[in-house]
Amino acid sequence: MSSFTRRAFLGATVLGLAGCTAAENPLVLPTDPAVNRAEAARGGTGRTRVVTLTAAEGEIDLGGQVVHTWTYDGVLPGREIRVGAGDLIEAKVVNRLPADTSVHWHGPALRNDMDGVPPLTQAAIRPGEDFTYRFVAPTPGTYWFHPHTGTQLDRGLYAPLIVEDPAEPGAYDAEWVVVLDDWLDGTGTDPDQVLAGLRRRSGHMMHGAAVLGGDVAHPHHLVNGRLAAAPLTFAAKPGQRVRIRFINAGADTAYRVALGTHRMTVTHTDGVPVVPVDTDALVIGMGERYDVLVTLADGAFPLVAVAEGKSGAGLALVRTGAGTAPGPDVRPDELRGKVVAYDELKATVPLPSRTPDVVHRLELTGGMMSYEWGVNGRSDGLQRVRSGQRVRLEFVNTTMMWHPMHLHGHTFQLNGPRKDTAIVLPGQTVACEFDADNPGQWMVHCHNAYHAEAGMMTVLGYEEQR
């Protein structure tokens, strides 16, 4: 059985960063003054949002089923953090877990030493200790936060981070944040046991290859922390225009999402505005976010999140008037309708065209037989860039599984939208470009928690300028 873990990879990478050869430029480390300069250049509003997050184990009621798990402050999802663009976030994380932890702020282009990836950008937060994250949230959008330690993402440690745009016209009457999750913790197993089982019984829990199926048979699928048998209800009035912010916090599951008898207008993906486009349904990979606008009809309607390529679904309800609430097995026709694709989404402010200065080909490697995953076969744990470069990443999926690939600290341009997480299907190559404008050492990894922990990760490393 492989002993490779995320921690082993990052530990070896940190040693590699410290051991650059004379022929290589030194690397910008998280403690480098360049990180402070980049943060100072972001400016800010002068406002500070102070929060405390206590990570602890305890009992959570999913709606008729009580599970023992780990959460922030005993609620699932964790309490939303909402700030204005340019505000300073000061988040004290208190670790009352029986293990090390950390918090990664998924999506915003924040300072490198606050990215929450031990041991690459910080030391792990030990049990009984605390750590305070301080960073400017410069860019509006729908983001979220979760640990970057082991398989902790597949517990209850996650919550929304919403950065509001004070200049946004606000052409909607209400807002609803919808967090999707696949759940197994406390149901007779836990994520660490599942990973060990995948390594022992490689392939036995596999659901699909060419379709968006995952590796793990999660027994439950949650919408805002609730089972489909006990859904939460969003109350509104007929004719109201609602902004729905979707966040897929799942560890191993993509979701096909639709609101019964309604079409959705996509306005943002991964926090970045797009030219509005109508769709019946969305397929949302792990780590991805979509914002949509919906004008509500009169009645009671199901919001259904089907586990793509698996069995089961999550459910929430929208009620604007009288009517019988749909049951947990409801599957609205919109799920079989139009699903918007990446190339149908166009960023309202695309990255200006420019010839790349550097191209990194990142082959996604590995498979279920040994349950070992990698980037370039783990032969190269560092992709070097320099500030000011236009960088092109080419994700080449050589495996039989799909991978939602996430770049920390940056937003990249696809053929259409700008994102920070993109699905790469089996046999596909997905190219993305970004400007290297946020110095430090940044993770690039699959957002399947089990693939990442089993090796599908690399580091984008900024070199010092000579």
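In case you missed it, the structure is sitting above this.
1. Some words on the sheet that holds strand β5 (residues 104–106)
So, step 1. Ordered by their spatial adjacency, 4 strands build an open sheet running β3-β8-β7-β5, and the pairing between neighbours is mixed. Each of the sheet's edge strands pairs with one partner strand only, and the pair in question is β3 (81–84) and β5. Sheet twist, expressed as the mean angle between neighbouring strand axes with direction ignored, is 25 degrees.
So, step 2. With 5 bridges joining them, strand β7 (residues 141–146) and strand β8 (residues 159–164) adopt antiparallel strand pairing.

2. Regarding the sheet that holds strand β10 (residues 220–223)
Across a sheet, strands are paired by hydrogen bonds formed along the backbone, either parallel or antiparallel in direction.
So, step 1. Ordered by their spatial adjacency, 6 strands build an open sheet running β10-β9-β12-β17-β14-β15, and the pairing between neighbours is mixed. Looking at the sheet topology across the chains shown, the edges are occupied by β10 and β15 (272–279). For this sheet, the mean inter-axis angle between neighbouring strands, taken without regard to orientation, is 20 degrees.
So, step 2. Where strand β12 (residues 241–248) lies against strand β17 (residues 289–295), 7 bridges are found, and the strand directions are antiparallel. When the sheet's bridge partners are listed, isoleucine 244 is paired in β17 with valine 292.

3. Things to note about the side chain of aspartate 100
So, step 1. Among the secondary structure elements, aspartate 100 is positioned in the loop between β4 (88–96) and β5.
So, step 2. Classification of aspartate 100 as buried rests on a relative accessible area of 11%.
So, step 3. A polar contact is formed between the side chain of aspartate 100 and the side chain of arginine 126, at a distance of 2.6 Å.

4. Some details on unusual backbone geometry
So, step 1. The omega torsion of the bond from leucine 76 to proline 77 falls at -15 degrees, within 30 degrees of zero and hence cis.
So, step 2. With respect to the secondary-structure elements, proline 77 resides in the loop between β2 (66–72) and β3.
So, step 3. Here proline 118 and proline 119 are connected by a cis peptide whose omega angle stands at -5 degrees.
So, step 4. Relative to the assigned elements, proline 119 resides in the loop between β5 and β6 (130–136).
So, step 5. Positioned with a positive phi, aspartate 73 is a non-glycine residue whose angle comes to about 60 degrees.
So, step 6. Here asparagine 224, not a glycine, exhibits a phi torsion of approximately 50 degrees, which is positive.

5. Overview of the packing of aromatic side chains
The description of an aromatic ring pair rests on the distance of the ring centres and on the angle between the ring planes.
So, step 1. With the rule as written, the count across this model stands at 7 aromatic pairs.
So, step 2. With a centroid separation of 4.9 Å and an interplanar angle of 40 degrees, the aromatic rings of tryptophan 105 and phenylalanine 145 are classed as tilted. Of this pair, tryptophan 105 sits in strand β5 while phenylalanine 145 sits in strand β7, and the two are 40 residues apart along the sequence. Taken individually, tryptophan 105 and phenylalanine 145 each receive the classification buried, so the pair is uniform in this respect.
So, step 3. Ring pairs connect the aromatic residues Tyr72, Trp105, Phe131, Tyr133, Phe135 and Phe145, which therefore count as one cluster.
So, step 4. Lying over the aromatic face of tryptophan 70, arginine 155 brings its terminal NZ or CZ to 3.9 Å of the ring centre.

The rules we used
- Residues numbered from 1 in each chain as written.
- Predicted model: local features only at pLDDT ≥ 70, side-chain atom pairs only at ≥ 80, totals over all residues.
- Heavy atoms only, no water.
- Pairing = 2+ DSSP bridges.
- Helix = DSSP H or I, 4+ residues; strand = E, 2+ residues; numbered from the N terminus.
- Axes fitted to C-alpha atoms, helices over the stretch in contact; angles between N-to-C directions.
- Buried < 20%, exposed > 50% of the residue type's maximum accessible area, 1.4 Å probe, protein only.
- Polar contact = N/O pair within 3.5 Å; in protein donor to acceptor, adjacent residues only side chain to side chain.
- Phe/Tyr/Trp six-rings, centres within 6.5 Å; stacked < 30°, edge-to-face > 60°.
- Lys NZ or Arg CZ within 6 Å of the ring centre and 35° of its normal.

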